[in-house]
2 protein chains.
Amino acid sequence: MSRQHNIYVRNTVLAEAMTIWKKALDECGFYSKSPVENVKVDDSLGRITAHPVFAHRSSPSYNAAAMDGIAVHFSDLSSATEAAPVRLTREQFVPVNTGNAIPEGFNAVVMIEDVHQIDKDTVELHMPATPWQHVRTIGEDLVATELILPEGHRIRPIDQGAMLATGVTEIEVRCPPRAHVIPTGSELIQPDQAPKAGNIIEFNSRILAGYLNEWGCVATRGLPVLDDPKQLRETIKAAARTNDIVILNAGASAGTRDYSARVLAEVGKVIIHGVAIKPGKPVILSMVGDTPVIGLPGYPVSALLTMRLFVRDMIYDFLALPRPEPQIIEAVMSRPLHSAMGVDQFVQITLGKVGETLMATPSGKGAGVVMSLVRGDGLLTIPTGSEGVGAGEKVKIELLRSRNDIDATLVFIGSHDNILDLLANQLHRQRPIVRISSAHVGSMGGLMAIRRGEAHIAGTHLLDEKTGEYNISFIQRFLKDIPLQLINLCYREQGLIVAPGNPENIQSFKDLADKGHIFINRQNGAGTRLLTDKILAEEGIDPADLQGYGHEEYTHMSVAAAVASNSVDAGLGIRAAANALGLDFVPIAEERYDLIIPKTFLEESKVKTVLDLIRTDSTFHETILSLGGYNLRDCGKVLYEQ
Amino acid sequence: MSRQHNIYVRNTVLAEAMTIWKKALDECGFYSKSPVENVKVDDSLGRITAHPVFAHRSSPSYNAAAMDGIAVHFSDLSSATEAAPVRLTREQFVPVNTGNAIPEGFNAVVMIEDVHQIDKDTVELHMPATPWQHVRTIGEDLVATELILPEGHRIRPIDQGAMLATGVTEIEVRCPPRAHVIPTGSELIQPDQAPKAGNIIEFNSRILAGYLNEWGCVATRGLPVLDDPKQLRETIKAAARTNDIVILNAGASAGTRDYSARVLAEVGKVIIHGVAIKPGKPVILSMVGDTPVIGLPGYPVSALLTMRLFVRDMIYDFLALPRPEPQIIEAVMSRPLHSAMGVDQFVQITLGKVGETLMATPSGKGAGVVMSLVRGDGLLTIPTGSEGVGAGEKVKIELLRSRNDIDATLVFIGSHDNILDLLANQLHRQRPIVRISSAHVGSMGGLMAIRRGEAHIAGTHLLDEKTGEYNISFIQRFLKDIPLQLINLCYREQGLIVAPGNPENIQSFKDLADKGHIFINRQNGAGTRLLTDKILAEEGIDPADLQGYGHEEYTHMSVAAAVASNSVDAGLGIRAAANALGLDFVPIAEERYDLIIPKTFLEESKVKTVLDLIRTDSTFHETILSLGGYNLRDCGKVLYEQ
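What counts and what doesn't
- Residues numbered from 1 in each chain as written.
- Chains lettered and ligands numbered in written order.
- Predicted model: local features only at pLDDT ≥ 70, side-chain atom pairs only at ≥ 80, totals over all residues.
- Heavy atoms only, no water.
- Contact = heavy atoms within 4.5 Å.
- Buried area = accessible area lost by both parts, 1.4 Å probe.
- Salt bridge = Lys/Arg side-chain N within 4 Å of Asp/Glu carboxyl O.
- Polar contact = N/O pair within 3.5 Å; in protein donor to acceptor, adjacent residues only side chain to side chain.
- Helix = DSSP H or I, 4+ residues; strand = E, 2+ residues; numbered from the N terminus.
- Nonpolar A, V, L, I, M, F, W, Y, C, P; charged D, E, K, R; others polar.
- Pairing = 2+ DSSP bridges.
- Axes fitted to C-alpha atoms, helices over the stretch in contact; angles between N-to-C directions.
- Buried < 20%, exposed > 50% of the residue type's maximum accessible area, 1.4 Å probe, protein only.
- Phe/Tyr/Trp six-rings, centres within 6.5 Å; stacked < 30°, edge-to-face > 60°.
- pLDDT = per-residue confidence, 0-100.

1. Quick word on the interface of chain A and chain B
Contacts between the two partners involve 101 residues from chain A and, on the opposite side, 101 residues from chain B. Approximately 8000 Å² of surface area, both sides summed, lies buried where chain A meets chain B, with 58% of it carried by carbon and sulfur atoms. At the junction of chain A with chain B, the criterion picks out 4 salt bridges. R206 of chain B is paired through a salt bridge with D42 of chain A; the nearest N and O atoms lie 2.9 Å apart. Run the count over chain A and chain B and you get 29 residue pairs in polar contact (both at pLDDT 80 or more). Residue assignment for the side of chain A that touches chain B shows that the elements contributing at least two residues are β11 (147-149), α3 (157-165), β15 (200-201), α4 (204-214), α9 (370-374), α11 (419-430) and α16 (556-564) of chain A. Here the element with the most residues in the side of chain A that touches chain B is α3 of chain A; it accounts for 7 residues. In terms of residue class, the side of chain A that touches chain B is built from 46 nonpolar, 31 polar and 24 charged.

Below you can see the structure in the form of structure tokens.
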């Protein structure tokens, strides 16, 4: 096989790639290594037994009193009754506490409560005893040589107790696979270094090593390797010699500095390069000597997904443990999702239970978005033969979070406001089980979500140009059949977010159009977009004259970030966003931001907690006001209901 | 409050005790301590955020190429088409790899596949570009100051990645409560010491500390404290000064050497001593200074149960985390269980799914039986107002093991044989997910379990005295309507198990009766008991003349253990049991031991695995034969079906 051939990224179907990979692992003896080591039982928690564990000694190892009282010979009491009690002398009984050995020649215990002490050396008893009553006989718990634990068992604290109780103090356990993660790329810097443009903080190896450990490995991380084939070659060879699994992160695609496939073909054998999955297509599965080396794509979402697909099962198989069964639930897609035929597509999903329906929403766009993993509750697979799923379609989701957590999640969809982060945190603090899942799809998106029964609460600030009133006319038009309350959250200042000190002296949209400054817009359906369009219409500005009008962002903070980085000169947004990033702010309007809550959800405890919070928590109010640009004069007030 | 009063063991109702305890913890400020500490994000895995975590920097922190290709200014390509391509010179484009910064003055990326290289300094493009296409704009993932994690969140690897990606390298996390376990009792020895009669291996503290850690503490263990009030007093005072929770194990009841309550009343305040629960009644809840000190009963089952009832929630509350929700399932009781009114009774349960029914069986008798915890799949609570549950009654069980594990469990009920341990282990080795849950209730118990649909397989060796045939006539009588197969497992030698060297020269039951030796019997319904009674009848021996005839054990190994300890002189059992403990064996009969399997279960994969194993695994056969006293001439053969 030529080197050139190996470097070409193919598009092997996932199921086939898995079969080929399993076969390659089998051939190199990966599954039959089964290393074991000796550990003290005291240090064995969480380890996997390599052999069955049998009791060394019986437990208890002697006949033991099960009660506080006296040890007797049962036959001495055979005639005892209330009417004709029996007296025992000092030779005929021995005081015992629970756990004491029953002395030779005795075979029953009478509880202290039933013993009438006559004098120091005499007791009187009013009942007969049965042989071995209140005695824990030898081996009652386990007899020497009996099985305590089978092999392949993960040791719990109680298992340690059972082993120690029967004299087992050392056992053989299976060794976990040693995994090593090699980050590659000259652009990588450590988290405590300040990034320059083009630098990427090296955090992937932490995520990858974290999950490798969680799945049962002992994972180590190397320092980043520069984009230098020689250094990469040496690092891979060294890692393959001393580990059972090597993970190479990034360098898997076909870019000008992606050396991984070439180097792996030089030092070993590339089994698969390129799998028909999205994300994660350029993954490399290779063998260096007898050690599997997996080249993962660079983006965190792709890297974690491909590691989950190709490496997780390897670990369970290495340890000869049953693979974890995925927990699958059924949910309803909140929006359509396209997928290419011939590709297995994997999508991080946020789940929320609204009424009786579990709604599924993609948790973020793009493989580079770490937050889509942080927010991900589940994983949707769109199989290779499907073109996608439609809105409202039932889908099967693999849960990545517990079902209880998901049921306790309040679903907020609609316009973005910085208060929502504070609300999410405050809510989680007051009632730790409650989380807020919030999707920022603009005010109209929020209304539509309420109409489709996908959200508990929508945030909206839609200005009716004719009446000058907020939200109500839109509700009457789009949500007329739904009983609901419109509750004010805040009034807030909207204005132009500009660079610190406003060096271009931008005062209005007119300035932007006239001076040819670059604007950044919000998406269609956003309340802020409606406000932009209203002002442009009022001021007679043609959107075509506003440079960057077609460049859309989804949140106030994204607009502020674009200004902060000098990519653009100005954008319309709230004062809190400008303040957060230390930017200047030119006020344009005060607007009302309300919450729409269907009446069916008003009595749900998580919704009630939110309302309590915004209505009564003065610390929460102070924190909001400290963000700047907010007025809470109507906060929590019902402004409209139907 | 007098000391005497404190020492008296009361019987407070559980719910009331919990309320009183929570109030006492509240009053001493236990819940409001909320200590926090600074940790590096790299060391924060599994810790709980003490505050919300906000992004320090945007991610990405610069506009980054999302593809390999060239950076362009989109307006340069506005006229590009297939028919009229546009050429760009070296000043108009910059080659970029994925992740590279987009240079100042550029605002879009064209993928390498769409770039036609004309010469070193010229490229040709056939399509227009949209602004910011294939660019990850600043803050696409997160904008500086946005919320990454709320407070009270348990940190996962992906959370570490998200924090590091946005420049957060150190955070404040909640400190787990420091718990200290003090074992008490002069009889305690360490696991590596050889026990003399009356010694108890100190393993409880390992179990208790293990679970305290699992629930979120940092738990330490002390060395055992002798039964000496002065030493106990000093140890408790020292532990209370430096810990948030102190666990005292044993010394909680009212025996002559149980000093705990007295000492606790001296150095602190006893809040509760004695709760109406079984097991665990003598538990002590006390405060030493502001530190809760919990005195647990000595038996492991009681100790763990009371710690679970009174300490687990304390830990979650201390950390302000939601308490774990118990997973409750419904099962059918396989046998009646009595409970006293006025007492909350807790029973360790083994669960098995037989057909569509989940059967619940108590996993062991007695609070001293560690194996009942090892085997326990769930916990049954019989509340204070109930007198117990009947066989066949539906009960709610709190799961202690995953539902998948339980569904994969093969339920074996019936006669005990040492082969079963080997079978359990071999099965688990071949198919790690499959476990055997085996209840040794004798041959007749096995038949009854099959009749009630409670077991997949029953083991039986019932001799029909009239025909001399095994099992078949019993099946025809008790299981006549159930389609089943009777499959041989083995022939095995039964005989008298006697001391090594047979010092009393016991050769028969007649010898036992004549010489007044002490016998140990098996329970009613055991095949071995039937054999005993048949021989006694044949030899004309009156059971009343056989000393110890009324003393019953449930397994061959328990009989052997009684002989090994010199508690008795002989018992009837299989040769393998005698061999296991190095005892002598006087053969009396060869008997047949068969398996009954209802036909409905024959096709279940776990049952098929068992049959495959006994029919084809020669290593397994060799291991059985090495136990001694077995003959496998018909192993796996179907001897009868209906």
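After that view, the rundown keeps rolling.
2. Looking at the sheet that holds strand β6 (residues 94-96) of chain B
All names here are of chain B. As summarised here, the arrangement of the 3 strands in space is β6-β4-β7, forming an open sheet in which the pairing is antiparallel. One side of each edge strand has no neighbouring strand; the edge strands of this open sheet are β6 and β7 (108-111). Each strand axis lies, on average, 35° off the axis of its neighbour in the sheet, ignoring direction.

3. Some words on the side chain of S44 of chain B
Among the structural elements, S44 of chain B can be located in the loop between β1 (36-40) and β2 (53-54). What S44 of chain B contacts, discounting residues up to four positions off in sequence, is V39, I155, Q160, M163 and I171 of chain B.

4. A closer look at the pattern of salt bridges
Residues and elements named next belong to chain A. What the rule picks out here adds up to 75 salt bridges over all chains. Close ionic contact of R233 with E266 constitutes a salt bridge, the shortest N to O distance being 2.5 Å. Residue R233 is located in helix α5 (residues 229-242), and its partner E266 is located in helix α6 (residues 260-267); the two are separated by 33 residues in the primary sequence. The partly exposed category is assigned to E266, whose relative accessible area is 29%. Residue K396 pairs with E330 through a salt bridge whose shortest N-O separation is 3.3 Å. Residue K396 is located in strand β28 (residues 394-399), and its partner E330 is located in strand β22 (residues 328-333); the two are separated by 66 residues in the primary sequence. Residue class for K396 comes out exposed when judged on its relative accessible area of 55%. What you see here is one network of salt bridges that share partners, running through K33, R178 and D244.

5. Some points on the sheet that holds strand β8 (residues 116-119) of chain B
Residue and element names in this part refer to chain B. Strand order in the open sheet made by the 3 strands is β5-β9-β8, with antiparallel pairing throughout. Unpaired on one side and paired on the other, β5 (86-88) and β8 mark the two borders of the sheet. Across the sheet, the axes of successive neighbouring strands diverge by a mean angle of 30°, strand direction being ignored. Bridge count for β5 against strand β9 (residues 122-125) is 3 bridges, and the pairing is antiparallel.

6. Considering the packing of aromatic side chains
Residues and elements named next belong to chain B. As enumerated under the stated definition, the model contains 8 aromatic pairs over all chains in all. Pairing F30 with F318 gives two aromatic rings, centres 5.1 Å apart and planes at 55°, and the pair type is tilted. Placement of the pair is F30 in the loop between α2 (14-27) and β1 and F318 in helix α8 (residues 312-318), with a sequence separation of 288 residues. The class for F318 is buried, based on a relative accessible area of 4%.

7. What to know about the confidence of the model for chain A
Residues and elements named next belong to chain A. Here chain A shows a mean pLDDT of 91. Residues at 70 or above account for 97%. A low-confidence stretch, residues 1-7 (pLDDT under 50), is modelled with 10 contacts involving residues beyond four sequence positions or located in other chains. Scored as a complex, the prediction yields pTM 0.91 and ipTM 0.92.

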